[in-house]
Amino acid sequence: MEKERREKPEFHTPVYEMALRQFDIAAARLNLDPNVAQRLRSPKRALIVSVPIRMDDGSIRVFEGYRVQHTMVLGPAKGGTRYHPDVNLGEVSALAMWMSWKCALIGLPLGGSKGGIRCNPKEMSRGELQRLTRRYTTEIFPLIGPERDIPGPDVGTDGQTMSWLMDTYSMQVGYTVPGIATGKPVNIGGSLGRIEATGRGVVYTAIEAAKRLNIDLSSSTAVIQGFGNVGYVAAKILHEMGCKVIAVSNSGGGVYNENGLDISRLYEFSKENPILSESKLGGEITNKELLELKCDILIPAALSAQIHENNAKNVKCKILAEGANGPTTPEADKILSEKGVFIIPDILANSGGVTVSYFEWVQDLQNFFWKEKEINEKLRDILVSAFESVMTLVKREKVDHRTAALMMGIKKITDAMLVRGLYP
Ligand code: NDP
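Owing to the predicted nature of the structure, the values given are computational and were not obtained by experimental measurement.

## Details of the environment of C295
Then, number 1: Turning to its location among the elements, C295 is positioned in strand 10 (residues 294-300).
Then, number 2: The buried category is assigned to C295, whose relative accessible area is 4%.
Then, number 3: C-alpha separation for the pair C295 and M18, spaced 277 residues apart in sequence, amounts to 27 Å.
Then, number 4: Dropping the residues within four chain positions of it, C295 is found in contact with T221, V223, I246, K316, C317 and K318.

Dropping the structure here:
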């Protein structure tokens with residue numbers, strides 16, 4: 001890693017190195033050809049763009065933006081768009097790599113990519129965000145397209161962002177191209193069920209894990225870090241199933257109630273006030289304390305590297321369903337495995353989002369839209385089947401859940417690389 005850090009310094013941030021270490025473990029178990037492994041350790045393409053926009057006060061600010069494509073061997077690249085102050089090339093590249101493994105694992109004909117802009121969307125007006133998105137889309141235009149690379153939402157972006165992105169792309173080519181982005185509102189070619197898909201998928205996989213541990217979800221407890229798109233939907237569905245969601249948090253801290261939180265009321269409150277503990281629906285709890293609460297299901301649904309070597313030994317859940325990308329470091333993985341925590345790795349647990357994004361893309365290309373019931377059933381089929389395949393591999397290869405999931409994804413990509421051959 002040290003040599004590589006010197007040779008490719010642009011990618012080597014802690015999150016990227018974490019993705020590499022996970023890859024290396026799986027690659028070693030697969031006895032991967034070193035030439036193939038070498039190629040997969042860095043992205044296929046990485047574009048850095050300067051995004052100048054006029055702020056509301058008349059000044060000009062230039063933001064740094066990225067679009068990274070890790071592999072496209074199985075099809076066009078697919079990946080979200082993150083607006084956050086910590087976005088950098090290494091993080092975006094790690095997220096693109098995870099997208100590759102995820103799409104391959106669940107059997108989608110897509111590669112992995114990711115994009116982002118280093119900015120704080122919470123401090124920007126709607127007008128500024130629109131100008132930022134439109135200029136960013138124009139800057140990454142040479143890389144994206146419905147047959148090349150299809151952006152979607154991620155932390156700090158939503159259906160409105162994807163609408164601006166789709167509109168900007170369409171204006172460039174002169175006609176409407178709904179298939180350029182996913183996560184759009186339904187009235188402009190979005191898919192029913194997409195907003196809920198990631199959180200719903202996290203719950204579908206948690207149900208499968210609970211079955212294996214003989215946990216009755218309707219009388220279980222859950223703790224959720226992150227109350228955004230993924231965390232809120234997972235909390236809502238679990239709450240509706242009778243599970244007690246005893247704590248949730250956002251970047252401002254969390255709220256805890258051992259009798260279970262009223263998720264709908266908390267969500268309504270959070271629209272007006274981001275300090276969840278002020279809802280009076282429970283007591284205050286820090287993000288650190290929340291991760292260490294005793295519960296059946298812990299769902300990290302915020303940022304990466306939240307469970308690490310310093311807090312993993314205090315984690316007391318039975319099932320860790322990773323809604324976020326990369327929430328657990330390799331050191332923590334080892335500690336949690338030794339403690340017997342049932343980990344549903346991110347590339348499996350949160351793959352519901354890209355699955356329904358794939359459905360959205362297919363519907364857009366066909367101009368033919370499906371019913372929500374059909375979408376949710378197809379989603380469940382894909383996730384349950386991927387879950388079972390991972391568990392079969394765990395048994396056969398005697399590896400942990402994450403390594404098995406990565407092995408499955410990586411193998412599908414390397415098999416395709418080998419049969420396609422090396423160009424030229
Ligand atoms: P959102 O922006 O909708 O929500 C993020 C949530 O995390 C917010 O509640 C935010 O709080 C909270 N948060 C941010 N920083 C911290 C922190 N330091 N401690 C605790 N909470 C924090 O993002 P998403 O829900 O879309 O994404 C969440 C995770 O899921 C990300 O890792 C993303 O990559 C992953 N994911 C998302 C998919 C999707 O379809 N959206 C698909 C697959 C994975 P606040 O509101 O206060 O900022």
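## Observations regarding the site of the ligand
Then, number 1: Not every one of the 23 residues close to the ligand is listed here, only the nearest: K122, D154, T198, S251 and A302.
Then, number 2: Within the side chain of R82, a nitrogen or oxygen atom sits 2.9 Å from an oxygen atom of the ligand.
Then, number 3: Side-chain polar atom of N287 to a nitrogen atom of the ligand: 3.5 Å apart, as the coordinates give it.
Then, number 4: Counting only elements with at least two residues in the shell around the ligand, the list comes to helix 7 (194-212) and helix 8 (229-240).
Then, number 5: When the residues that make up the shell around the ligand are grouped by side-chain class, the tally is seven nonpolar, 12 polar and four charged.

## Focus: the side chain of S357
Then, number 1: Summarising the element assignment, S357 is placed in helix 13 (residues 352-366).
Then, number 2: Once you skip the residues sitting within four places of it in the chain, S357 turns out to touch K78, T182 and R194.

## Observations concerning the packing of aromatic side chains
Then, number 1: Applying the stated criterion to the full structure yields 10 aromatic pairs.
Then, number 2: Arranged with centres 6.3 Å apart and planes meeting at 75 degrees, the rings of F227 and Y267 form a pair that is edge-to-face. You can see F227 sitting in the loop between strand 6 (221-225) and helix 8 and its partner Y267 sitting in helix 9 (residues 263-272), a full 40 residues away along the chain.
Then, number 3: Residue class for Y267 comes out partly exposed when judged on its relative accessible area of 26%.

## Side note on the sheet that holds strand 5 (residues 149-153)
Adjacent strands of a sheet pair through backbone hydrogen bonds, lying either parallel or antiparallel.
Then, number 1: Ordered by their spatial adjacency, five strands build an open sheet running 1-2-4-3-5, and the pairing between neighbours is mixed. Of all the strands in the sheet, just strand 1 (45-54) and strand 5 have a single pairing partner and so form its edges. On average, each strand axis in the sheet is inclined to that of its neighbour by 25 degrees, with strand direction left out of account.
Then, number 2: The pairing of strand 3 (residues 77-84) with strand 4 (residues 111-118) spans six bridges and is parallel. Bridge assignment links K78 to a residue of strand 4, and that residue is G112.
Then, number 3: Relative to strand 5, helix 6 (residues 159-173) is tilted by about 150 degrees, and along the sheet it contacts strand 3 and strand 5.

## A short note on the state of the cysteines
Then, number 1: Applying the stated criterion to the full structure yields zero disulfides.
Then, number 2: You can see C243 has no disulfide; the closest cysteine sulfur is in C295, sitting 9.0 Å from it.

## Observations concerning the sheet that holds strand 8 (residues 253-256)
Then, number 1: Spatial strand order, 9-8-7-6-10-11-12: seven strands in an open sheet with mixed pairing. At either margin of the open sheet sits one strand with a lone partner, and together these are strand 9 (283-285) and strand 12 (342-344). Shown here is a sheet whose adjacent strand axes are inclined to one another by a mean of 25 degrees, direction ignored.
Then, number 2: As paired elements, strand 6 and strand 7 (residues 244-250) share five bridges and run parallel to each other. Paired with A222 across the strands is V245, a residue of strand 7.
Then, number 3: Along the sheet, helix 7 contacts strand 10, strand 11 (316-321) and strand 12; its crossing angle with strand 12, the most-contacted strand, is approximately 155 degrees.

## As for the domain arrangement of the protein
By a frequent convention, interface size equals the accessible area lost on bringing the separate parts together.
Then, number 1: Partitioning the protein into structural domains gives domain 1 (2-26 + 35-185) and domain 2 (197-349).
Then, number 2: Taking only C-alpha atoms, the centre of domain 1 and the centre of domain 2 are 26 Å apart.
Then, number 3: At the junction of the two partners, domain 1 supplies 15 residues and domain 2 supplies 13 residues.
Then, number 4: Between domain 1 and domain 2 lies a buried interface of about 1200 Å² when both sides are counted; carbon and sulfur atoms form 61% of it.
Then, number 5: Area buried by domain 1 at its contact with domain 2 is led by M18, W98 and K102, which between them contribute 37% of it.

## What to know about the nonpolar core
Then, number 1: By size, the foremost hydrophobic cluster in this structure holds 97 residues, and its most contacted members are W98, W101, L238, V248, I299, I344 and V390.
Then, number 2: The element that contributes the greatest number of residues to this core is helix 4 (residues 89-105), accounting for 12 residues.
Then, number 3: Mapped onto the domain boundaries, this core takes at least three residues apiece from domain 1 (2-26 + 35-185) and domain 2 (197-349).

Conventions used here
Residues numbered from 1 in each chain as written. Predicted model: local features only at pLDDT ≥ 70, side-chain atom pairs only at ≥ 80, totals over all residues. Heavy atoms only, no water. Helix = DSSP H or I, 4+ residues; strand = E, 2+ residues; numbered from the N terminus. Buried < 20%, exposed > 50% of the residue type's maximum accessible area, 1.4 Å probe, protein only. Contact = heavy atoms within 4.5 Å. Near = heavy atom within 4 Å. Polar contact = N/O pair within 3.5 Å; in protein donor to acceptor, adjacent residues only side chain to side chain. Nonpolar A, V, L, I, M, F, W, Y, C, P; charged D, E, K, R; others polar. Phe/Tyr/Trp six-rings, centres within 6.5 Å; stacked < 30°, edge-to-face > 60°. Pairing = 2+ DSSP bridges. Axes fitted to C-alpha atoms, helices over the stretch in contact; angles between N-to-C directions. Disulfide = S-S within 2.5 Å. Domains from an automatic or database assignment. Buried area = accessible area lost by both parts, 1.4 Å probe. Core = buried A, V, L, I, M, F, W, Y, C linked by side-chain atoms within 4.5 Å.

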